[in-house]
Amino acid sequence: MDRRTFLAGIGAGGLAGLPLALRAADRLVLSDELSAGTRAEAVLDALPGKRPLIKLSYRPPNYETPLAYFAEPITPNDAFFVRYHLARIPETIDAQTWRLKLGGDAIETPGELSLDDLKRFEQVELTAVCQCSGNRRGLFNPHVPGVQWGVGAMGCARWKGVRLKDVLAKAGLRKEAVELVLDGADGAVLEKTPDFVKSLPIWKALDENVLIAFEMNGAPLPHFNGFPARLVVPGWTGTYWMKHLTRLDAVSKPFDGFWMKSAYRIPKGRFPVVDRFLSQETADNTPITEMVVNTLITSPLPGQKLAARQPTTVSGIAWDGGYGIQSVEVSSDDGASWQKATLGPDVGRFAFRSWSARLPLAKPGARVILAKATNRLGASQPRELIPNPAGYHHNLVARVAVTAS
Amino acid sequence: MSPARLRRALTAAAILGIAAILGIAAVAARAEEPPIALKDAPGHELVEGLCGACHSVDYIQMNAPFPSAATWDAEVKKMINAFGAPIEPADAKTITEYLIKNYGS
């Protein structure tokens, strides 16, 4: 039996034990805005320890979470998206022998920590969204090359770990520290390929919400989400959430690696973001930092048939860079009129905020439902994309096309 | 051995040679990675061998059909200049032409 046959078998009822909403996840639902090539290449495929997710590339593994899982504001560990830049990924990591090295020219006492050492710091837990900078790149028009993500290169989890600032304080940070350089166990096939190494401005590394996390939703991190420890940088895009952490270097000069100076950059001053990474800014561009305010409609599904002349329930999630969601509005008349949605429980300003609304669908025919969120700073979602070379920060007003009859 | 199989074997041998010379750390292909059928046109073995040494070639189809000739050219140059892919100029030209013709706009 090949893998596709196996997956078709799952589709025929192998997931019968799962809740109804999640059973929809075994059907591949792809936006028709994705390129023909993406729709031909994307398949449901299960990595070890994961449920079938939408495979965009096998090596390195880039797998997105199917839409059905976003009906709940917490994303299950085995359905959480997987994103790697480079293909040399350890098959397993032994938590007993794993060490986190601390160094750099701006650290007082270089050294290393075992997982047990790490767990002796005060443990904290917070709920936060991890979203790839390029989530929804595949929906950019004009097309932007790269991994053609749909809407699922994101997830929200309860992360448990220790504060990065506590670990840095114990090692002793010198006052000339400018950035903290982050490295993980994954690397490149070729020696000449720049290893995936990132940095954070030191002020962000000292933010009390930034964690070295070893648990996700009450369980150890899944291998493909950074076992045994990863960085959690609430509010900022996933590029800083280094997986399989191996090394932290406090440095007195800006880090000049490829993944900082050439990748993950946005045009300066074009996006409504507050946090700036000044030591890495050039005249033209700047590293991506916080997430922009965004929404996803999880119900109805694209193409769903609904009853006309009666209200339909529209629901979804909203999130932003950690300022918190102020309101969500929905429209069934292409934005001529908007109706406020009811927000679900607030589980923290970095988390997905669920919402729902009862929306009248007055006339039969093809309808488009829109949704947009506004955060506590008053930032909302645009009707036109802000173009940028790498296809980041896609946060257009959410839309789903349905049929009422 | 058919000409196509011979070419494939030679390409594989060339890549292993390059790997030995340049010190490729490890080719961490997942054993269960299914083969990806690229369009059978001149250059596809170079693409499978040289591009496929570092990443699965589903990246190519995933981006089709939008990349312009300039975009594919820039992608190949990025792999060589930024990511250190050991691709000779003549092979780079063949690869770029293959991508433009078969997966471009």
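Here is what the cut-offs are and how they apply
Residues numbered from 1 in each chain as written. Chains lettered and ligands numbered in written order. Predicted model: local features only at pLDDT ≥ 70, side-chain atom pairs only at ≥ 80, totals over all residues. Helix = DSSP H or I, 4+ residues; strand = E, 2+ residues; numbered from the N terminus. Buried ≥ 20, exposed ≤ 12 C-beta atoms within 10 Å, placed from the backbone. Contact = placed C-beta atoms within 7 Å. Domains from an automatic or database assignment. Nonpolar A, V, L, I, M, F, W, Y, C, P; charged D, E, K, R; others polar. Pairing = 2+ DSSP bridges. Axes fitted to C-alpha atoms, helices over the stretch in contact; angles between N-to-C directions. Parallel < 35°, antiparallel > 145°, perpendicular 65-115°, else oblique. Left-handed = near helix turned anticlockwise from the far one by under 90°. pLDDT = per-residue confidence, 0-100.

### What about the environment of Pro220(A)?
All names here are of chain A. By the element assignment, Pro-220 lies in strand 12 (residues 219–220). Judged by the 16 C-beta atoms lying within 10 Å of it, Pro-220 falls in the partly exposed class. With 166 residues separating them along the chain, Pro-220 and Ile-386 place their C-alpha atoms 38 Å apart. With near-sequence residues (within four places) excluded, Pro-220 lies in contact with Phe-214, Glu-215, Phe-227 and Pro-228.

### What to know about the domain arrangement of chain A
It is common to give the size of an interface as the accessible area lost on bringing the parts into contact. Residues and elements named next belong to chain A. Here chain A is partitioned into domain 1 (3–83), domain 2 (100–131 + 152–287) and domain 3 (294–404). For domain 2 and domain 3, the distance between their C-alpha centres works out to 31 Å. On the domain 3 side, the residues contacting the 13 residues of domain 2 number 13 residues. Top contributing element to the side of domain 2 that touches domain 3 by residue count: strand 7 (residues 123–131), with 4 residues. Looking at the side of domain 2 that touches domain 3, its residues break down into 10 nonpolar, 2 polar and 1 charged.

### Brief notes about unusual backbone geometry
Residue and element names in this part refer to chain A. Following Phe-227, the chain continues to Pro-228 via a peptide bond in cis, the omega torsion being 0°. Here Pro-228 is to be found in the loop between strand 12 and strand 13 (230–232). Its identity as a non-glycine residue notwithstanding, Arg-136 has a phi of 75°, on the positive side. Within the secondary structure, Arg-136 sits in the loop between strand 7 and strand 8 (154–163). Note on Arg-136: 27 C-beta atoms within 10 Å, which makes it buried.

### Quick notes on the sheet that holds strand 14 (residues 245–251) of chain A
All names here are of chain A. Reading across the sheet, the 5 strands line up as 6-5-14-9-10 and stay open at both edges, with mixed pairing between neighbours. Where the open sheet ends on each side, the last strands, each with one partner, are strand 6 (111–113) and strand 10 (197–201). Neighbouring strand axes in the sheet, compared pairwise and without regard to direction, differ in orientation by 20° on average. When strand 9 (residues 179–184) meets strand 10, the two strands line up antiparallel, connected through 5 bridges. When the bridges of strand 10 are listed, Glu-179 appears paired with Pro-201.

### A closer look at the interface of chain B and chain A
Between chain B and chain A, the residue contacts involve 29 residues of the former and 26 residues of the latter. Listed by contribution, the elements that provide at least two residues to the side of chain B that touches chain A are helix 3 (58–63) and helix 4 (69–81) of chain B. Looking at which element gives the most residues to the side of chain B that touches chain A, the answer is helix 3 of chain B, with 5 residues. Tallied by class, the residues present in the side of chain B that touches chain A amount to 18 nonpolar, 7 polar and 4 charged.

### Considerations on the pairing of strand 9 of chain A
All names here are of chain A. Extensive coverage of strand 9 is indicated by the burial of 6 of its 6 residues. Residues Glu-179, Val-181 and Asp-183 line one face of strand 9 and the alternating positions Leu-180, Leu-182 and Gly-184 line the opposite face, and both faces are buried. Two elements, strand 9 and strand 14, share 6 bridges in a ladder whose sense is antiparallel. Directly across from Glu-179, in strand 14, lies its bridge partner Val-251.

### Regarding the pairing of strand 23 (residues 353–361) of chain A
Residues and elements named next belong to chain A. Bridge count between strand 19 (residues 310–319) and strand 23: 9 bridges; the pairing is antiparallel. Among the inter-strand pairings, Thr-312 is bridged to a residue of strand 23, identified as Leu-359. Summarising the sheet, strand 22 (residues 342–343) and strand 23 pair through 2 bridges and their orientation is antiparallel. Residue pairing for strand 23: Thr-342 is matched across the bridge by Ser-356.

### Side note on helix 2 (residues 44–51) of chain B
Summarising burial for helix 2 of chain B: 6 of the 8 residues are buried, a large majority. Of all the residues in helix 2 of chain B, the buried ones are Glu45(B), Leu46(B), Val47(B), Gly49(B), Leu50(B) and Cys51(B).

### Considerations on the sheet that holds strand 22 of chain A
Read from one edge to the other, the open sheet built from 4 strands follows the order 17-19-23-22 (chain A), with strand pairing classed as antiparallel. Both outer strands of the open sheet, strand 17 (294–299) and strand 22 of chain A, are each paired with one neighbouring strand and no more.

### A look at the packing of helix 2 of chain B against helix 5 (residues 89–103) of chain B
The packing of two helices is summarised by the inter-axis angle and the distance between the axes. Residues and elements named next belong to chain B. One can describe the packing of helix 2 onto helix 5 by two numbers: an axis separation of 9 Å at closest approach and a directional angle of 110°. Comparing their axes, helix 5 and helix 2 come out roughly perpendicular. Between helix 2 and helix 5 lies a crossing of left-handed hand. Contacts between helix 2 and helix 5 pair His-44, Leu-46, Val-47, Leu-50 and Cys-51 from the former with Asp-91, Thr-94, Ile-95 and Tyr-98 from the latter. Tallied by class, residues from the contact of helix 2 with helix 5 come to 6 nonpolar, 2 polar and 1 charged.

### Overview of the confidence of the model for chain A
The predicted model of chain A has a mean per-residue pLDDT of 93, with 94% of residues at 70 or higher. Segment residues 1–21 of chain A: pLDDT under 50, and 17 contacts once partners within four positions in sequence are set aside and those in other chains are kept.

### Description of the packing of helix 4 of chain B against helix 5 of chain B
Residues and elements named next belong to chain B. Across the interface, helix 4 lies against helix 5 with an axial gap of 9 Å and an inter-helix angle of 140°. It follows that helix 4 is oblique to helix 5 by the angle criterion. Every pair of crossing elements has a handedness; the one defined by helix 4 and helix 5 is right-handed. Listed contacts from helix 5 to Ala-69, Trp-72, Asp-73, Val-76 and Ile-80 of helix 4 are Ala-92, Ile-95, Thr-96, Leu-99 and Ile-100. Class assignment for the residues of the contact of helix 4 with helix 5 results in 8 nonpolar, 1 polar and 1 charged.

### Some points on the confidence of the model for chain B
All names here are of chain B. Per-residue pLDDT for chain B averages 81, and the proportion of residues at 70 or more is 70%. Here residues 1–10 is modelled with pLDDT under 50, and outside its nearest four sequence neighbours on either side it reaches 3 contacts, counting other chains as well. The low-confidence segment residues 16–30 (pLDDT under 50) makes 22 contacts with residues lying over four places distant or belonging to another chain. Overall fold confidence for the complex sits at a pTM of 0.91, while the interface term, ipTM, reaches 0.90.

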